[in-house]
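Spelled out, the chains give:
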Amino acid sequence: MTSRLFWLFVLLITVSCSNVTTPEPVLPVPSERQLAWDSMEYYAFVHFNMNTFSNMEWGFGDEDPEMFNPTELDCRQWARICKEAGMKGIILTAKHHDGFCLWPTATTEHSVKNAIWKNGEGDVVRELADACKEYGLKLGLYLSPWDRNNPEYGNDKYIEIFRAQLRELMTDYGDVFEVWFDGANGGTGYYGGANEERRIDRKTYYDWENTRKIVRELQPMACMFSDAGPDVRWVGTEEGWAPETNWSPLRRDEFYPGSPNYLELRSGHEDGTHWLPAEVDVSIRPGWYYHPYEDHKVKTLPQLLDIYYNSIGRNASLLINFPVDKRGLIHEKDEEQILKLAEAVKADFENDLAAGKNAEATNVRGNSKKYKAANVTDENPDTYWASDDGVVQASVTIDLGEETTFNRFLVQEDIRLGQRVKEFSVEAYINNKWEEIDSQTTIGRKRILRLPETTASKVRFTVKDSKACPVITKIGIYHAPKVIVEPRISRTKDGIINIEAFDSGLDIYYTVDGTEPDENSIKYDKPFELAQKAIVKAIVVDPNENKTSTVYVAEFDVPKTKWKVVGKYKDAEKVNLIFDGNENTAFTVGESAPVDFVFDLGESLTITGFKYLPDQQRFDPGVIFNYRLYLSADGKNWKQPVVKGEFSNIRNSPVWQTESFAPVHARYIKFTALSPAEENGKVGIAEFDIITQ
Ligand code: FUL
């Protein structure tokens, strides 16, 4: 090219580029404070307050302030764990529904001022604010609007008290990134001794418009959370997921904290009037507060991974709760699991196989370099690929350069220009042809797809429908390692053994003779019958990575094929849940104890003990405390109980209970529940088993 021609070319390019306009934003768009919040993505909740000491979820408000007495409170431990877990902040329940304030407020005597802890000189909010600063975390505060302690709750005067509390929190503890307003509002309570029910109009009582001004004035960068935001919305479930279709826009004015149409919060609204992104709040245990009986129920790595992908991977932020215990510490078991999650997430996104790879699009805005397809693989969050106005169907093909195996696809819109994409698909170029591997709806700030293991040289991302030209900042492609955790082993009533691994594409090896399993043991390919007493030991092996899980051991006594429950019960069809091999189902009766559970084993056996697993459900479980066990040859003559006693600590720790006795030859069992462990009076059985000689 001659030099004159070259300069003409440069001039043409410059002119054409400068004519290309930036895509118009699609309203609504996030505010600056929402963008700052948005970049945090993952942060912790801490539920620690009077309920920790009263062992409740919703205290009544009549608790003695002296009860608040942590023995080893250490907010630095919380901050260290959250930091190591990759979280960016901590939100603390400064006041929950029972009204106890974790800071020495001037508004009520129901606070740390009157606790035994630190002779009333303590301030948990201060300790956490300091710890967050030290660990480079942001501080958030939960202030319950509902206050079951305050005598003025329900009157105008309470609104002034609530606002004064908000002012104190927004003034005295440095920068706050999020203020959490819960939707639970009004009902029975202590209310200064009135002990009555107080209903309020959730929409008008708090005069939210003016109450929120306090936060805006004192903490302009703090986002306010509630069903109606105004900055961050509840996702409409506390189970730890957002739906696949998740719009950040919401018709915000149709909501208020505690609004009845909260299920709509899950997906947001395609035609939403305000930017109101979803936050997924979920506890690492069944309860929000610490209860010793949930120590064995801390969510496992597979459960936590599901939560991660179903929140952050679906255009939401993730707020995982730690129920800090009576010592004032995050429990060791919670720490262990959250750090496992951090390690797994790090491994999943360690290597972006698309980074720096060549990308071509079917349409590039004004053919301009500024909007080129390769902006999605350049690892620069400020550049994006965009198409021409009116082009709402377009593809980007990423050339991976060679056959590449992957199982995660990540895509992000530049939300500064609004959430736009309504539908998209992902295809892989396999054996010289395109195959669709997933087809989805919304993207938003971040969408991550967990895909089957796929090997391809090229990946094509297609926007099928969009509110306006798509604006995509990033596409990431990853090969997440398999999750190698112990398998689950169960046996049905008919003696059929099932063994399951968490991830696909993994091998399972097992033994039934008590020996340790390895890759030379029996390979599991389908459920099998095991009609005798046996110990099944199994491992999960990743055949490609040479990684092996720890061994899971399941001990089975004689199969229950011939077992029957004898006797008449109200819910008779549920009676077989006692023998179904599923620990999560139970047969529970609400009749006043004693209740006899009588079983016919169908044959005579030499019995040396029994095992009992109580009802595992979180709310209203049936748990037996005092019991007697009788054995009989004919189901008529029962004689003396072979064993009797109590399941000590079963309320706090509802795990398998095992009792042994001298051998007895019998065919019938009568398990008498003498008293319940819970005040609900219910007695129930999730599983029952015997130990034979
Ligand atoms: C709920 C509250 O009622 C729970 O106690 C807990 O604080 C949770 C995060 O929000 O709605």
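All values reported here derive from a predicted model rather than from experimental measurement. (Residues numbered from 1 in each chain as written. Predicted model: local features only at pLDDT ≥ 70, side-chain atom pairs only at ≥ 80, totals over all residues. Heavy atoms only, no water.)

**Some details on the packing of aromatic side chains**
Aromatic rings considered in pairs are described by the distance between their centres and by the relative angle of their planes. Within this structure, the stated rule accounts for 50 aromatic pairs. Centre to centre, the rings of Y158 and F162 are 6.0 Å apart; their planes meet at 25°, and the pair counts as stacked. One end of the pair is Y158 and the other is F162, both in helix 6 (residues 156-172) and 4 residues apart, which spans about a single turn. In this structure, Y158 and F162 share a single accessibility class: buried. On the numbers, 5.7 Å between centres and 80° between planes, the contact of Y308 with Y309 is edge-to-face. Each member of the pair, Y308 together with Y309, is buried. Grouped by ring-pair contacts, the aromatic residues W563, F579, F599, F610, Y612, Y627, F647, F671 and F688 constitute a single cluster. (Phe/Tyr/Trp six-rings, centres within 6.5 Å; stacked < 30°, edge-to-face > 60°. Helix = DSSP H or I, 4+ residues; strand = E, 2+ residues; numbered from the N terminus. Buried < 20%, exposed > 50% of the residue type's maximum accessible area, 1.4 Å probe, protein only.)

**As for the side chain of D98**
By the element assignment, D98 lies in the loop between strand 2 (89-95) and helix 5 (124-135). For the buried D98, no salt bridge is present, and the opposite-charge side chain at shortest range is R148, 7.8 Å distant. A distance of 2.9 Å separates a polar side-chain atom of D98 from the backbone nitrogen of F100. Setting aside chain neighbours within four positions, we find D98 in contact with N49, M50, N51, G59, G61, E63, H110, D147, R148 and N149. (Lys, Arg positive; Asp, Glu negative; His and termini not counted. Salt bridge = Lys/Arg side-chain N within 4 Å of Asp/Glu carboxyl O. Polar contact = N/O pair within 3.5 Å; in protein donor to acceptor, adjacent residues only side chain to side chain. Contact = heavy atoms within 4.5 Å.)

**Observations regarding the packing of helix 4 (residues 75-84) against helix 9 (residues 332-348)**
Running from N to C, helix 4 and helix 9 point in directions that differ by 25°, and their axes come no closer than 9 Å. What the angle tells us is that helix 4 and helix 9 run roughly parallel. Facing Q77, R80, I81 and E84 of helix 4, the residues of helix 9 in contact are E335, I338, L339 and A342. Looking at the contact of helix 4 with helix 9, its residues break down into 4 nonpolar, 1 polar and 3 charged. (Axes fitted to C-alpha atoms, helices over the stretch in contact; angles between N-to-C directions. Parallel < 35°, antiparallel > 145°, perpendicular 65-115°, else oblique. Nonpolar A, V, L, I, M, F, W, Y, C, P; charged D, E, K, R; others polar.)

**With respect to the site of the ligand**
In the neighbourhood of the ligand, the contacting residues comprise F45, H47, W58, H96, H97, Y142, W180, D182, A184, E238, D281 and W288. One of the side-chain nitrogen or oxygen atoms of H96 is found 2.9 Å away from an oxygen atom of the ligand. One of the side-chain N or O atoms of H97 is found 2.9 Å from an oxygen atom in the ligand. The residue inventory of the shell around the ligand, partitioned by class, reads 6 nonpolar, 3 polar and 3 charged. (Near = heavy atom within 4 Å.)

**Points about empty space enclosed by the protein**
Under the criterion given, the structure shown has 1 cavity of 30 Å³ or more. Space inside the largest cavity adds up to approximately 40 Å³. Only helix 2 (32-38) and strand 12 (316-323) provide two or more residues apiece to the lining of the largest cavity. Of the residues in the lining of the largest cavity, the class split is 4 nonpolar, 2 polar and 2 charged. (1 Å grid on protein atoms, 1.4 Å probe; cavity = no way out; pocket = protein on both sides within 12 Å on 5 of 7 lines; lining within 4 Å. Points joined across faces, edges and corners; volume = space filled by probe spheres on them.)

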